[in-house]
Amino acid sequence: MADPMPKIKPSEIKRFARSALGWPARMLFPPVCAGCRRHVSQPGVLCGTCWPKLRLLERPWCPVMGTPFTHHMGEGFLSAEAIADPPPFERARAAVAYTGVARQMVQGLKYQDRTDLAPWMARWMVRAGADLIAEADVVVPVPLHWRRFFRRRFNQSAELARAVSALSQLPFAPSAVQRVKLTRQQVGLERSEREENVRAAFRVPAEAEIEIAGRRVLLIDDVYTTGATVRSATKALKRGGAGAVDVLTFARVLPGDFRADESATI
């Protein structure tokens, strides 16, 4: 005769308990769309209206710059940008194009204290940068100057880097490179002005050299605009002993889309 009260496995009890504990939080703080703040089924997802507005960057892309091609150009084919102005880093990748919902998410993280977005943005970054992560030894964020950090209270790039580190199980070195020059905000600056603005803005402190010496660094930032910031940080990391540097960002301003008034990396 079948047992009318079948035994419940301990694992099922634990799963039910965890779910029950989350009910009050979901009722008090229901999950909202990462783009428009409409209510959604679970944290970190986009609603049906915002999802089509997100442009994920997919292969085929330039193996150096990560900028997408309209069609496959052949193995090892480089973009005009990579040929005309070779970067100091090895490779760059970004998860999404810096338009629409992606711009709203970046600005929410950076200017509206939406640090809750960082883990979800990092998931897309890990997907886009899988080939970089597979070869990386340590994760390093682009730093803020201490004065700007004091005013803002957090570094959006460090929040993304911390999440990427946790998802990829790579070491996190938040102090491996420092911003020693209080630069102007990059918003409103032309390409040449951005390069001059961040020239010699970074250095690796002597006590941090052991963290990057001979290692392949995965440099994390929120947006790749003209590349001036990550180029300058890359040069500092290499002077500090890094074996190689790859760059991974959440968003990328695609060639031809740059406007000096964009709210982008500072």
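Definitions and limits used
- Along each chain, residue indices are assigned from 1 in the same order as the chain's sequence is written.
- This being a predicted model, a pLDDT of at least 70 is required before a residue's local features are given, and a value of 80 or more before pairs of side-chain atoms are given or counted; all residues contribute to the totals for chains, interfaces and linings.
- Only heavy atoms go into the side-chain values, all of them from the structure, while hydrogens and water stay out.
- Only DSSP runs of H or I reaching four residues or more are called helices, and only runs of E reaching two or more are called strands; each is numbered from the N terminus.
- Each residue after the first adds 1.5 Å to the expected span of a helix.
- Each residue is placed in one exposure class: buried if its accessible area under a 1.4 Å probe, protein chains only, is under 20% of its type's maximum, exposed if it is over 50%, and partly exposed if it falls in between.
- Pairing of aromatic side chains requires ring centres within 6.5 Å, counting the rings of Phe and Tyr and the six-membered ring of Trp. Pairs whose planes differ by under 30 degrees are stacked, by over 60 edge-to-face, and all others tilted.
- To sit over a ring, a charge needs its Lys NZ or Arg CZ within 6 Å of the ring centre and within 35 degrees of the ring normal.
- Should DSSP find at least two bridges between two strands, the strands are taken to pair.
- Each axis is a line fitted through C-alpha atoms, and for a helix only the stretch in contact is used; angles between axes span 0 to 180 degrees, taken between their N-to-C directions.
- Here, residues are in contact when the closest pair of their heavy atoms is within 4.5 Å.
- Here a polar contact is recorded for every N or O atom pair within 3.5 Å, except that within protein the pair must consist of a potential hydrogen donor and a potential acceptor, and residues adjacent in sequence are included only if both atoms are side-chain atoms.
- Definition used in this section: a nonpolar core is a set of buried Ala, Val, Leu, Ile, Met, Phe, Trp, Tyr and Cys residues joined via side-chain atoms within 4.5 Å.
- Only protein atoms enter the 1 Å grid used here, on which a cavity is any set of points holding a 1.4 Å probe that cannot leave and a pocket is any open set flanked by protein within 12 Å on both sides along at least five of seven lines; residues with an atom within 4 Å of a point are listed as lining.
- Grid points are joined across faces, edges and corners, and a volume is the space filled by probe spheres set on the points.
- In the scheme used here, Gly and all other residues not listed as nonpolar or charged are polar, with Ala, Val, Leu, Ile, Met, Phe, Trp, Tyr, Cys and Pro taken as nonpolar and Asp, Glu, Lys and Arg as charged.

**Student:** Would you mind going over helix H10 (residues 228–239) in detail, with residue names and values included?
**Tutor:** The first and last C-alpha atoms of H10 sit 17 Å apart over twelve residues, in line with the 16 Å expected at 1.5 Å per residue. Among the twelve residues in H10, nine count as buried, and that is most of the element. Looking at H10, one finds that the buried residues are Ala-228, Thr-229, Val-230, Arg-231, Ser-232, Ala-233, Thr-234, Ala-236 and Leu-237. Two residues or fewer after H10 comes Gly-241, characterised by a positive phi angle close to 110°.

**Student:** Go over the packing of aromatic side chains, please, and point to the residues and values.
**Tutor:** Per the counting criterion, the structure on display carries four aromatic pairs. Ring geometry for Trp-51 and Trp-124: centres 6.3 Å apart, planes at 40°, overall tilted. With Trp-51 in the loop between helix H1 (10–28) and helix H2 (80–84) and Trp-124 in helix H4 (residues 118–128), this pair connects stretches of sequence that are 73 residues apart. Relative to Tyr-224, the ring of Phe-89 lies with its centre 6.3 Å away and its plane at 90°, an arrangement referred to as edge-to-face. Here Phe-89 is found in the loop between H2 and strand S1 (91–97), whereas its partner Tyr-224 is found in strand S5 (residues 216–224), with 135 residues between them in sequence. Phe-89 sits in the buried class, given a relative accessible area of 3%. Three or more aromatic residues joined by ring pairs make a cluster, and in this case those are Trp-51, Trp-124 and Phe-250. In this arrangement the basic side chain of Arg-103 is found over the ring face of Tyr-98, its NZ or CZ atom lying 5.2 Å from the centre.

**Student:** Please set out the sheet that holds S1 residue by residue, giving values where relevant.
**Tutor:** Read from one edge to the other, the open sheet built from four strands follows the order S1-S6-S5-S2, with strand pairing classed as parallel. The open sheet is flanked by S1 and strand S2 (138–141), the only strands paired with a single partner. Between one strand axis and the next, the sheet turns by 25° as a mean value, whatever way the strands run. Across four bridges, S2 lies against S5 in parallel orientation. What sits directly across from Pro-141, in S5, is Ile-220. Sheet strands touched by helix H7 (residues 156–168): S2 and S5. Its angle to S5, the strand with the most contacts, is close to 130°.

**Student:** Explain the environment of Thr-49 to me, and be specific about the residues and the numbers.
**Tutor:** Here Thr-49 lies in the loop between H1 and H2. Taking C-alpha positions, Thr-49 is 9.7 Å from Cys-33, a pair spaced 16 residues apart along the chain.

**Student:** So, the side chain of Asn-155: which residues are in play, and what are the values?
**Tutor:** When you line up the elements, Asn-155 lands in the loop between helix H6 (146–152) and H7. Accessibility expressed as a relative area gives 6% for Asn-155, which makes it buried. Here Ser-157 takes part through its backbone nitrogen, which lies 3.0 Å from a polar atom of the side chain of Asn-155. Asn-155 has contacts with Val-142, Pro-143, Leu-144 and Phe-149, leaving out every residue within four places of it along the chain.

**Student:** Describe the nonpolar core, naming the residues involved and giving the relevant values.
**Tutor:** Formed by 39 residues in total, the largest nonpolar core has its most connected members in Leu-46, Met-105, Met-121, Met-125, Leu-218, Ile-220 and Phe-250. Elements represented by at least two residues in this core include exactly S1, helix H3 (100–111), H4, helix H5 (130–133), H7, S5 and strand S6 (244–252). Of all the elements, H4 adds the most residues to this core, at six residues. The next biggest cluster of nonpolar side chains, apart from the first, holds 30 residues, and it includes Val-64, Phe-89, Ala-176 and Val-217.

**Student:** Explain empty space enclosed by the protein residue by residue, including any values.
**Tutor:** One pass over the structure, following the stated rule, counts two cavities of 30 Å³ or more. By volume, the second largest cavity is sized at about 50 Å³. Lining the second largest cavity are Leu-57, Met-65, Gly-66, Thr-67, Ala-92, Arg-93, Ala-94, Tyr-224, Thr-249 and Arg-252. Going through the elements one at a time, S1 and S6 are the ones with two or more residues in the lining of the second largest cavity. It is S1 that provides the largest number of residues to the lining of the second largest cavity, a total of three residues. Partitioning the lining of the second largest cavity into residue classes produces five nonpolar, three polar and two charged.

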